[in-house]
Amino acid sequence: MILTARQLALATLDRQLLLERRRLDVAEAVRRVCALQAQTPASPYLALWNRVQDFAPEDLDAAFADRRIVKATLMRITLHAVHAEDYAPYHAAMLSTLRASRVYDRRFTSTELTHADADALLPKLEEFLAQPRTGAEVEEEVTGRFGEHAHRVWWALRTYAPIHHVPTSGPWSFTQPHAYLASPTAFGAAPGEAAAGVQWLLLAYLRAFGPASAQDFARFTLLGRSVITQALHALGDQVVRVAGPGRAALFDLAGAAVPAEDTPAPPRLLPMWDSTLLAHAVPGRVLPPEYRPLVVRRNGDMLPCLLVDGQVAGVWRAVDGGLELTAFRKLGKRVWQGLTEEAEKLSALLADRDPAVYRRYGHWWDKGFPGVESTIVKG
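Residues numbered from 1 in each chain as written. Predicted model: local features only at pLDDT ≥ 70, side-chain atom pairs only at ≥ 80, totals over all residues. Heavy atoms only, no water.

K.L.:
Now, about the pattern of salt bridges: what can you tell me, with residues and values included?
P.N.:
Applying the stated criterion across every chain, the model contains 19 salt bridges. A salt bridge links Asp-309 to Arg-6; the shortest N-O distance between them is 3.2 Å. Of the two residues, Asp-309 is situated in the loop between β10 (305-308) and β11 (311-319) and Arg-6 in helix α1 (residues 5-15); the sequence distance between them amounts to 303 residues. Its relative accessible area of 26% is what places Arg-6 among the partly exposed residues. Its salt-bridge partner being Asp-86, residue Arg-31 comes within 3.1 Å of it at the nearest N-O pair. Of this pair, Arg-31 sits in helix α2 (residues 26-32) while Asp-86 sits in helix α5 (residues 84-103); the two residues are 55 residues apart in sequence, bridging distant segments of the chain. Taking the relative accessible area as the measure of exposure, Arg-31 reaches 24% and is therefore partly exposed. Bridged by salt links that share partners, the residues Arg-21, Arg-268 and Glu-342 form one connected network. (Salt bridge = Lys/Arg side-chain N within 4 Å of Asp/Glu carboxyl O. Helix = DSSP H or I, 4+ residues; strand = E, 2+ residues; numbered from the N terminus. Buried < 20%, exposed > 50% of the residue type's maximum accessible area, 1.4 Å probe, protein only.)

This is the structure in structure tokens:
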């Protein structure tokens with residue numbers, strides 16, 4: 001059987017828990033979806049609200065506090081929230097990419113320090129971060145001997161060293177200044193762990209986003225093609241090839257199911273940078289190409305989206321007293337009713353946490369969106 005483009009989109013939505021909210025513990029939900037983009041503190045909360053039945057933000061607060069879910073720089077050199085047991089293999093998989101992104105960057109090379117200079121600080125960093133510290137404290141204690149270059153040394157280390165962001169305060173657990181803590185499992189990774197980590201991450205990725213191509217996995221991680229090819233070969237019959245609508249070879253877990261073509265997809269209000277929109281090669285599976293310039297802004301910001309029948313159909317933002325929903329095309333009365341019900345529930349959650357969520361990104365609406373219809377849903 002050759003899978004259709006809609007079946008691939010539905011498969012992703014199903015595995016991302018976006019076809020039906022599931023009654024899951026938050027840590028298990030995060031593991032099921034591989035990872036949650038977390039560069040904006042609110043996004044993991046809103047991502048889980050879309051996916052977990054009767055989601056309570058306090059449950060995620062607690063999971064961050066007791067470190068069942070950890071926040072760290074991983075895929076695409078971006079902050080993600082991941083299950084604690086997945087962190088070490090994910091970090092091992094990404095370490096070479098994370099490290100290269102910093103030690104070969106001119107912001108580091110301009111200091112005329114060597115890679116070895118930064119790496120030599122790792123044991124001291126692990127010791128100092130045995131308890132939470134701010135970046136300023138790390139710069140003073142660990143990298144201070146580099147004088148004016150201390151900030152750039154810490155900029156490199158905080159990206160590729162195995163460290164977690166620690167909850168501080170605020171409505172979404174993390175606020176400025178950031179606090180950091182050494183990972184209890186990943187310092188001093190042994191040779192060979194990188195390859196095993198890539199295999200672990202690839203299996204988790206296919207479980208959460210498959211069927212998918214090697215190019216898709218590369219887009220999600222920024223890993224190189226040869227590394228991905230080696231992982232696919234090493235996994236043997238755990239991964240199978242499936243036929244799809246395009247020319248790229250697709251891979252999936254052996255025995256994994258794909259929804260039928262006529263499976264309905266309910267409305268959803270996705271957070272900024274939802275992983276569903278970042279997990280496959282451009283243009284992706286749920287973002288129509290003609291809407292991409294509207295959703296993905298010039299600097300890479302990815303706006304919070306309306307999902308209608310499994311496809312992005314608009315954006316949303318918080319406004320005084322509720323949410324503004326903006327559609328890129330005409331939507332029927334029943335569709336608006338479904339979106340409105342979702343917006344009312346999300347407004348209720350935000351009212352207790354942060355009614356003006358994503359406020360700093362409101363300027364993207366200043367010039368408006370062409371050819372659209374909008375409505376404001378009061379909380």
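K.L.:
Please give an account of the packing of helix α11 (residues 193-209) against helix α12 (residues 214-221) that cites residues and values.
P.N.:
Packing of α11 against α12 leaves a shortest axis separation of 11 Å and a crossing angle of 105°. Taken together, the axes of α11 and α12 are roughly perpendicular relative to one another. Where α11 abuts α12, its residues Val-198, Leu-201, Leu-202, Tyr-205 and Phe-209 lie against Asp-216, Phe-217, Phe-220 and Thr-221. Of the residues assigned to the contact of α11 with α12, the class counts are seven nonpolar, one polar and one charged. (Axes fitted to C-alpha atoms, helices over the stretch in contact; angles between N-to-C directions. Parallel < 35°, antiparallel > 145°, perpendicular 65-115°, else oblique. Contact = heavy atoms within 4.5 Å. Nonpolar A, V, L, I, M, F, W, Y, C, P; charged D, E, K, R; others polar.)

The quantities given are spatial measurements derived from coordinates; they are silent on function.
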